[in-house]
Amino acid sequence: MAEHLLEVKDLYTYFKTRKGVVRAVDNVSFTVEKGETLAVIGESGCGKSSLAKSIIRLLPRNVHTYKGEIYLENEDLMKIEENKMNEVRWAKISMVSQAAQNSLNPVIKVGQQVAEPLIIHEGIDKKTALERARKTLSMVGIPEAFAERYPFELSGGMKQRAIIAMALITDPDLIILDEPTSALDVLTQASIMNMLKTIKKKTGKTFMFITHDIAVSSELADKVAVMYAGQIVELASAEEFYNKPLHPYSIKLMASVPTLRTDKKLEFIPGAPPSLIDPPKGCRFAERCPWKFEECRNEPPLFLVDNRSFVKCWLYESKGRS
Amino acid sequence: MSVKRLRGTFKQLLAYRSAVVGLCILCFIVGLSIYAVIAIPYEEAIRAWRLGEDVSINNPRNASPSWINFFLQKKLPETIIMDTLKKESGAKKAIVPSETISAIRIEFPFEFNYDDFPSELNLFFTANYSEKAPYITIDWIKPNGATIRLKEMVVKKTDRYYISIDNELAQKLRLDLSEKVGQEIPYEIPPQLSLFAVEDGSILKPETAQVLKGKYKMVIEGILFEKQSDMDSRLVVYGKVFGLAGTDHLRRDLMIGLLWGAPIAVSFGILASVLISFSQMIIAAVSAWYGKWADMLLQKATEFFMILPFLPILMMIAIFYKLSIWVLLVVVIALSIFGSGVKTYRAMFLQVKELPYIEAAQAYGAGNLRIIFRYMIPKVLPTIIPSLVLSVSSFVFLEAALAILGLGDPVVPTWGKIINDAYTKGALHQGYYYWVLEPSFLLVLTSLGFALLGFALDKIFNPKLSEI
Amino acid sequence: MSEQILLSVRELCKYFELRKGLFAKAGYVKAVDGVSFDLKKGDAVSLVGESGSGKTTLGKTILRLYEPTKGTIIFDGRDITNLGSRQLLEYRRETGLVQQDPYGALPPFMTIRRVLEEPLVIHKIPKAERIKRIYSVLEEVRLTPVEDFIGKYPHMLSGGQQQRLVIARAMILNPKLIVADEPVSMLDASVRIEILTLLKELQKKHGLSVIYITHDLSTTRYFSEWIYIMYAGKIVEKAPTKVLLKNPLHQYSQALLNIIPDPDAENRFKIKDVPPGEPPSLVNPPEGCRFHPRCTYFKDGVCNKKDPEEIEAEKDHFVRCWLYG
């Protein structure tokens, strides 16, 4: 019995581009327990989507560096061959990518598309697969009759639910959701989050929930990882994080999110995240950090704070290293 | 586009080797064009090309380029011109005056050490007299000492003696030589052979005839009947090679045609390409922006023209009306403006029309024309530049193709016209390969230059996703 | 009182024709169907709604980027509803648009200077004046030092900087009204507040009226004096910001408020109350109140028969719902 469902150790993913090498994932380590939901929060360009793609190993052609260890229940995914990885994909790890509603094939009926992973991965016959597809569709809140419809007949929210159904149908161990609700209206978003909460409770599935929206992340997260410039700067439980974020970036990010129920003064973070092509030496957030000091010229390690949270910041040096 | 952007693009371009090659080729062609325009002004070129023989009388016919001798065992002769008016040419003239009549003696001494015979032999005279024309005798002295009387004649004010087509002389020489050799020469040996040949059995076949190398002399002796009379003469021993490019059937130096072909081809290609592309772009922009009726009308017009068979119609027009090259350009443009480019660009403009900054421009009051010309067209322009450059090649070839078919401008020297002349005069049958190869090579080179440049520009302006 | 009103909209409708082929009509999309409100000088109103609510269409119709199908728009005492494009030029000088996509809103081939100069040239501002305004507006949006930015191209700026440039362009003609259509939804969270704060500052400084179109209720607190909630082409509730956030009357408004999460670890244990169903078709909207298929207070015979009128439930608080009338 493995200790963690997913363990990522020292993951590096760099991409080669015309302008230089993009260090999208720059030494990232974390674990996800079975049944837990890890929210990866970060703004655009912080590398969170690349992280997702690295775990499921769906990387584009211009990969420059891809090293580290990714253990899914003790098996190091980085070491297995491509055709074996194909079996892992969807059977063990599935993913819902950003704006996935547009990736439904417009000329194939919805039910058939949702059934496809079963037919491909488990070799199940079409009839049974369709039957399971209908059930899964209903689990995500789409009436079974809609299985006979084409994608253009579905609303945006429904399409997104269909994609989530596709990710659930093979009963994978880990489901990665990359901004699953960003392109949707607030009501639809809330509805889908409700659905995910229900599924999470009923099936105890493990999720990795990637988003830029701190508030929405709290709808599902048991654990939170904050990414900045390709690195994880804070890793804490939901209770710890939403109540009292520790890393200066997390603090400022929290302060910049408008809230309805609490009265607070909003602050913004001046400047912009650094380029991933030539990130600054030392702490990457230093130039925008109001609490920076001498030591920040060197890159801080992740410090374990109060035996619970990890924070990549010199301010917590006294609390001890991880 | 600002200068900075141009410079940036240029630097990007240099990163592609193919573009560098293309640019070098184009620089060369442009260099040729500039040289042509400076060295041989337009009117002079047209005149030389149109009048042909009259202007180029000193040039041999169908001569190969001189550099060919570099590759040949048997060295082909160059043209030797001796003119009594030009002392440096080696011609000698002496007049012995007396009270009433004068004796005149002209000598044309020259060395002939080539391995092949001259192509032609002509004598030109200009004489000054009021009533009585001079009377002369013309003698030929071979290096072996043999003297041959060529002709006796009266010299008019401007006169010429085409030695190589003098049949009487040819016959006489044949008989004389047959005697010397002891066998009848079985073919119609022309004077330029008999006057220069080694007098032995080799002369019995034209292929084996050998040139008698050494010093030759032509002596003209005559009587001037008037005190003030004078006479000048010019002997032209026509070679078989000439200049950098050779000559054609009208003795025209092909360099004129090749040089002038460059600016004409390039300007035709560029003008056609630019004018057509820009017109199509404007039509497409107007069609896409205004939509509704304007769009429908313009698109129907485009579809109509797209159906028309372009080349056949062009050929028909050229058959019925003799087209000068510039009228041809106008006709080509007129037939092409409502072409398929309009459809392609319209698709692009329909997309650009939906971009947020267009709406923003409307919000701050930009009018329709302003939006079309200052907001939509600049966005699309970089995309069309590669195809603009590439289509220059096709227009260069179009003009050449029409000329080769005999439908082009009959007067202006273009590469296509040279090929047409070569074709109608059977150049390839007669072995005048250079006549066809030289203009063809330049045509292909020019197209290659534009093509390489165009493809590299396409890679820069329209990067495909697969390239990272 | 009326001198203080800058914009007055009455029963404004915008219908889009659905065409089958070139000539046959297949109905109308009633994107905006009877909107009325007054906007005072210097006030900011948040126009909140989901996609398909008509909020963007309303904003653009007010700016006359679309031609109104019915109704009137009175701006600063002038009826601009049916003006032709020439006469609209003056109106365009007094209004500004800030769009959602900062990069798309800028012509990529123009330098910053040119981007800002275009509106000035169109409105025939003399050359000497132009450069002054460009400098001053760049300073106002804090794209400084100005010399550094003036020669740059839009792609060299960050998202936030691009949006600041868009705002600068909207301000450069000294307008009286700005319509900001989801101005921050494509920006990162940490930048949003910066832009909204800037807009607020400019609004206060210049006494601008702003129509702030958004789907995100949580930002409205920091920005506007009024909130209008739009649903299916109609404004269903109007109230001062604090009032609406504390006491929403329409069930749709209640739902919107209810489902917006604040960052809170408890959220993952709670299922939210979301009205079932989806927004209605705008081609064939339901008879009567458009929200009735999803409303838990639905009263048969009333809500599905007659479209409720706008009722002033309390002072300055208007709602379209049979519960209150």
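### Digging into the sheet that holds strand 6 (residues 147-154) of chain B
All names here are of chain B. Reading across from one edge, 2-3-8-5-6 is the order of the five strands in this open sheet, with antiparallel pairing throughout. A strand with exactly one partner marks an edge of an open sheet, and here the two such strands are strand 2 (92-96) and strand 6. On average, adjacent strands in this sheet sit at an angle of 15° to one another, irrespective of strand direction. Inspection of the sheet shows strand 5 (residues 135-141) paired to strand 8 (residues 214-224) by seven bridges, in the antiparallel sense. Bridge assignment links tyrosine 135 to a residue of strand 8, and that residue is isoleucine 223.

### Some details on the domain arrangement of chain A
Interfaces are frequently sized by the accessible area removed from exposure as the parts join. Residues and elements named next belong to chain A. Domains assigned within chain A are domain 1 (6-92 + 172-319) and domain 2 (100-171). Of note, the centres of domain 1 and domain 2, computed from C-alpha atoms alone, are 29 Å apart. Listed by partner, the interface residues are twelve residues for domain 1 and 14 residues for domain 2. Every element with two or more residues in the side of domain 1 that touches domain 2 is listed here: helix 2 (82-91) and helix 6 (186-203). It is helix 6 that provides the largest number of residues to the side of domain 1 that touches domain 2, a total of five residues. Split into classes, the residues belonging to the side of domain 1 that touches domain 2 amount to ten nonpolar, two polar and no charged.

### Description of the interface of chain C and chain A
Contact with chain C, which involves 35 residues of that partner, is made by 37 residues of chain A. Of all the secondary structure elements, the ones that give two or more residues to the side of chain C that touches chain A are helix 7 (189-206) and helix 9 (251-259) of chain C. Partitioning the side of chain C that touches chain A into residue classes produces 17 nonpolar, nine polar and nine charged.

### Considering the packing of helix 6 (residues 159-171) of chain C against helix 7 of chain C
Residue and element names in this part refer to chain C. Axis separation between helix 6 and helix 7 bottoms out at 10 Å; the angle between their running directions is 15°. By the criterion of interaxial angle, the relationship of helix 6 to helix 7 is roughly parallel. The chirality of how helix 6 crosses helix 7 is right-handed. Contacts between helix 6 and helix 7 involve Gly159, Gly160, Gln163, Arg164, Ile167 and Met171 on the former and, on the latter, Val191, Glu194, Ile195, Leu198, Leu199 and Leu202. Taken together, the residues of the contact of helix 6 with helix 7 sort by class into seven nonpolar, three polar and two charged.

### Here's the deal with the environment of glycine 52 of chain C
Here glycine 52 of chain C is to be found in the loop between strand 3 (44-48) and helix 1 (55-62). Linking glycine 52 of chain C and arginine 130 of chain C, residues 78 residues apart in sequence, is a C-alpha distance of 39 Å.

### Details of the pairing of strand 6 (residues 93-96) of chain A
All names here are of chain A. Side chains Ile93 and Met95 of strand 6 all project onto a buried face; the interleaved residues Ser94 and Val96 project onto the opposite face, where all are buried too. For strand 6 and strand 7 (residues 174-178), the ladder comprises four bridges, and the chain directions are parallel. Residue pairing in the sheet places isoleucine 93 in a bridge with leucine 174 of strand 7.

### Concerning the interface of chain B and chain C
In this complex, chain B contributes 13 residues to the contact, which on the side of chain C involves 17 residues. The element best represented in the side of chain B that touches chain C is helix 11 (residues 356-363) of chain B, accounting for six residues.

### Let's talk about unusual backbone geometry
With an omega dihedral of -5°, the bond running from threonine 144 of chain C to proline 145 of chain C counts as a cis peptide bond. At asparagine 74 of chain A, a position not held by glycine, the phi torsion is positive, near 80°. Within the secondary structure, asparagine 74 of chain A sits in the loop between strand 4 (63-72) and strand 5 (75-76). Accessibility expressed as a C-beta count within 10 Å gives 10 for asparagine 74 of chain A, which makes it exposed. You will see that arginine 142 of chain C, though not glycine, has its phi angle at about 60°, which is positive. Considering the arrangement of structural elements, one finds arginine 142 of chain C in the loop between helix 4 (127-140) and helix 5 (146-150).

### Observations concerning the sheet that holds strand 1 (residues 6-17) of chain A
Residue and element names in this part refer to chain A. Taken together, four strands build an open sheet; the order of strands is 2-1-4-5 and the sheet is antiparallel. Taken across any chain shown, the strands that pair with only one partner, and hence form the sheet edges, are strand 2 (20-32) and strand 5. Of the pairings in the sheet, the one linking strand 1 to strand 2 comprises ten bridges and is antiparallel in character. Bridging from a neighbouring strand, phenylalanine 15 pairs with valine 22 of strand 2. Strands strand 1, strand 2 and strand 4 of the sheet are contacted by helix 1 (residues 48-56), whose axis makes an angle of about 70° with strand 2.

What counts and how
- Residues numbered from 1 in each chain as written.
- Chains lettered and ligands numbered in written order.
- Predicted model: local features only at pLDDT ≥ 70, side-chain atom pairs only at ≥ 80, totals over all residues.
- Pairing = 2+ DSSP bridges.
- Helix = DSSP H or I, 4+ residues; strand = E, 2+ residues; numbered from the N terminus.
- Axes fitted to C-alpha atoms, helices over the stretch in contact; angles between N-to-C directions.
- Domains from an automatic or database assignment.
- Contact = placed C-beta atoms within 7 Å.
- Nonpolar A, V, L, I, M, F, W, Y, C, P; charged D, E, K, R; others polar.
- Parallel < 35°, antiparallel > 145°, perpendicular 65-115°, else oblique.
- Left-handed = near helix turned anticlockwise from the far one by under 90°.
- Buried ≥ 20, exposed ≤ 12 C-beta atoms within 10 Å, placed from the backbone.

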